[in-house]
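Coordinate inspection notes
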Amino acid sequence: MRVLSRVLNAGCLVAFFVCGAICARAQPAAPKVAATPPMGWNSWNFFAGKVTDKDIRDTADLLVSTGMRDAGYVYVNIDDTWEGKRDAQGRIQSNEKFPDMKALADYVHSKGLKLGIYSSPGPQTCARFEASLGHEEEDAQTYADWGIDYLKYDLCSYGGIMKQQAPNDPAAQNKHMREAYEKMHQAILKTGRPMVYSLCQYGDDSVWDWGPSVGANLWRTTGDISANFDRMSLIGRSQAGLAKFAAPGHWNDPDMLEVGNGKLTHDENMTHMTLWAMLAAPLIAGNNLTQMTPETGAILMNKEAIAIDQDALGKQGDRVYAEGPVEIWAKPLTDGRKAIAIFNFGETASEMRGIGLHLNEMGFKGQVTAHDVWAGKDLGKIGDDWKTTVPRHAVVLLLVK
């Protein structure tokens, strides 16, 4: 009996350890970067090709002094036109606008922020500066040596390379594109430095379906955004149906925020911020921080809107209902809560005549307890028949449970 007992106990131990190993393997590893959608600021929307070292240092200072850093905007991303020539060993150099990239990274890090940079898998960037084709490992290591924390990798001239390699063969072109993005992914991994890896190829070839397989933490799902309501709302609404592709470490990216730019009204800025928060989109601001109004700052730094975007559940919201210009979107949150956004994309105010909240489709039975985010007030218990007026180009954002 003692022998049998020892055999049984040993078997149990083996089973325990085998089960433990299998269970451990079954649990996905926590992402090293981008566990929630990245938040920060990018130079392109305001500075475009004129960005300099001083602009980035000033932006770092302003992200701190305005409170944006503490609200979560930690990446300071240099877009195109920083690039210089390569040295005799093939290492990329920054140009005269950025005399010492390592010193700049040290300065940004000293402010409790992180530094991002930009390149392309092609021979040239979109602005026709030196890019990474044939130098992926050297460039990734250079970025690591400088202290870079985020790489935006823009397809740009590589589109022409794809066509040269596989003329009239879209499937082969797509394969070449994936291989180019994977090559830089492997180069980044080889450095040992964690970097957010952001693909920019404008949403072609259903990038959301294969982006994670080439190591992307986020991928552009559309063409470029601009600071007008029609373009912004078109891009945001086109994300319907993509929720299943977003998860911690991997995010759909409908492009940078234009909040505070162009001629967007206060209501349009709130709609923009709300839509991106509902989409669990990266929140990468691009406004002129030296002239940021209190109203713009209040939208960008609204704690509840940011919390919806950054919710640890990592679920992207989706459209529940649409009738004419009125759309209702819902986003699952932790603890069984949901964010509900009622958008009016039309040119006149809507009183929601004949429009319910569609709580049943969201999994709620009966009434819910609601809080109005932008009004900053509790609404108590509300039912599916709750009504409010939604002005032109405006939104009502609710937290319910």
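With that out of the way, let us pick up the sheet that holds strand β10 (residues 283-285). Taken in spatial order, the eight strands line up as β9-β8-β7-β6-β5-β2-β1-β10 in an open sheet, and their pairing is parallel. Looking at strand neighbours, the two that pair on one side only are β9 (251-253) and β10, the edges of this open sheet. Averaged over all pairs of adjacent strands, the angle between strand axes in this sheet comes to 25 degrees, irrespective of strand direction. Relative to strand β8 (residues 218-220), strand β7 (residues 196-200) is paired through two bridges, and the arrangement is parallel. Across the sheet, the residue bridging to L199 is W219, located in β8. Where helix α5 (residues 101-110) meets the sheet, its contacts fall on β2 (75-77) and β5 (114-119), and the angle it forms with β5 comes to roughly 140 degrees.

Before going further, it helps to examine the environment of N287. For N287, the position within the fold is in the loop between β10 and α12 (294-300). A residue is classified by how much of its surface remains accessible, and N287, at 1% relative accessible area, is buried. Distance in space between the C-alpha atoms of N287 and E258 is 6.7 Å, their sequence separation being 29 residues. Sequence-distant contacts of N287, that is, excluding residues within four places in its chain, are made with W41, F46, V259, G260, N261, M292, T296 and L300.

If you walk through the whole model with that rule in mind, you get 20 salt bridges. Between K54 and D58 there is a salt bridge, and its shortest N-O distance comes to 2.7 Å. Separated by four residues within a single helix, K54 and D58 lie in helix α3 (residues 53-65), roughly one turn from each other. For the salt bridge of E179 with K175, the shortest nitrogen-to-oxygen distance reads 2.5 Å.

With that out of the way, let us pick up the pairing of strand β14 (residues 368-372). The element β14 is extensively covered by neighbouring structure, given that four of its five residues are classed as buried. Sheet analysis places β14 next to strand β15 (residues 377-382), joined by five bridges and oriented antiparallel. Directly across from A370, in β15, lies its bridge partner G380. Linking β14 back to β15 in an antiparallel pair, the connection comprises four residues, with G376 at a positive phi of about 65 degrees. With three bridges joining them, β14 and strand β16 (residues 395-400) adopt antiparallel strand pairing. Each bridged residue has a counterpart across the sheet, and for D372 the counterpart in β16 is L398.

Tallied over the entire structure, the rule returns one disulfide. Bridging C126 to C156, the disulfide has an S-S length of 2.0 Å. One disulfide, between C126 and C156, carries an S-S torsion of -95 degrees and so falls in the left-handed class. Taken together, the residues span a long stretch of sequence, with C126 in the loop between β5 and α6 (136-146) and C156 in the loop between β6 (150-154) and α7 (158-165) at a distance of 30 residues. Its sulfur unpaired, C200 is 6.9 Å from the next cysteine sulfur, which belongs to C126.

The sheet built from six strands is open, its strands ordered β11-β12-β13-β16-β14-β15 with antiparallel pairing. The two strands at the open ends of the sheet, each matched to only one other strand, are β11 (318-323) and β15. The average undirected angle you get between the axes of adjacent strands in this sheet is 25 degrees. Contacting β12 (326-332), β13 (338-344) and β16, helix α11 (residues 266-278) runs over the sheet at an angle of about 140 degrees to β13.

Within this structure, the stated rule accounts for ten aromatic pairs. With a centroid separation of 5.8 Å and an interplanar angle of 70 degrees, the aromatic rings of Y153 and Y181 are classed as edge-to-face. Remark: Y181 occurs in helix α8 (residues 170-191) and Y153 occurs in strand β6; sequence separation between them is 28 residues. This pair shows no difference in class: Y153 is buried, exactly as Y181 is. One aromatic cluster is present, formed by W41, F46 and F47 through successive ring pairs.

What counts, and where the lines are drawn
Per chain, the residues get numbers from 1 upward, laid out in the order the sequence is written. In keeping with the model being predicted, local features are shown solely for residues with a pLDDT of at least 70 and side-chain atom pairs are shown and tallied solely at 80 or more, while totals for entire chains, interfaces and linings include all residues. As a rule here, side-chain values cover all heavy atoms of the structure and leave hydrogens and water aside. One bridge is not enough; two strands pair if DSSP finds at least two bridges between them. For the purposes of this entry, the term helix denotes a DSSP run of H or I that reaches at least four residues, the term strand denotes a run of E that reaches at least two, and both are numbered from the N terminus. Note on definitions: angles span 0 to 180 degrees between N-to-C directions of axes, and those axes are lines fitted to C-alpha atoms, for helices only across the stretch in contact. Throughout, a contact is declared for two residues whenever any of their heavy atoms are within 4.5 Å. Exposure categories follow from relative accessible area, calculated using a 1.4 Å probe and restricted to protein chains: below 20% of the type maximum is buried, above 50% is exposed, and the middle band is partly exposed. Any Lys or Arg side-chain nitrogen located within 4 Å of an Asp or Glu carboxyl oxygen qualifies as a salt bridge. Here, a disulfide means two cysteine sulfur atoms that sit within 2.5 Å of each other. Stacked, tilted and edge-to-face are the three classes assigned to paired rings of Phe, Tyr and Trp, where Trp is represented by its six-membered ring and a pair needs centres within 6.5 Å; plane angles under 30 degrees give stacked, over 60 edge-to-face, the rest tilted.

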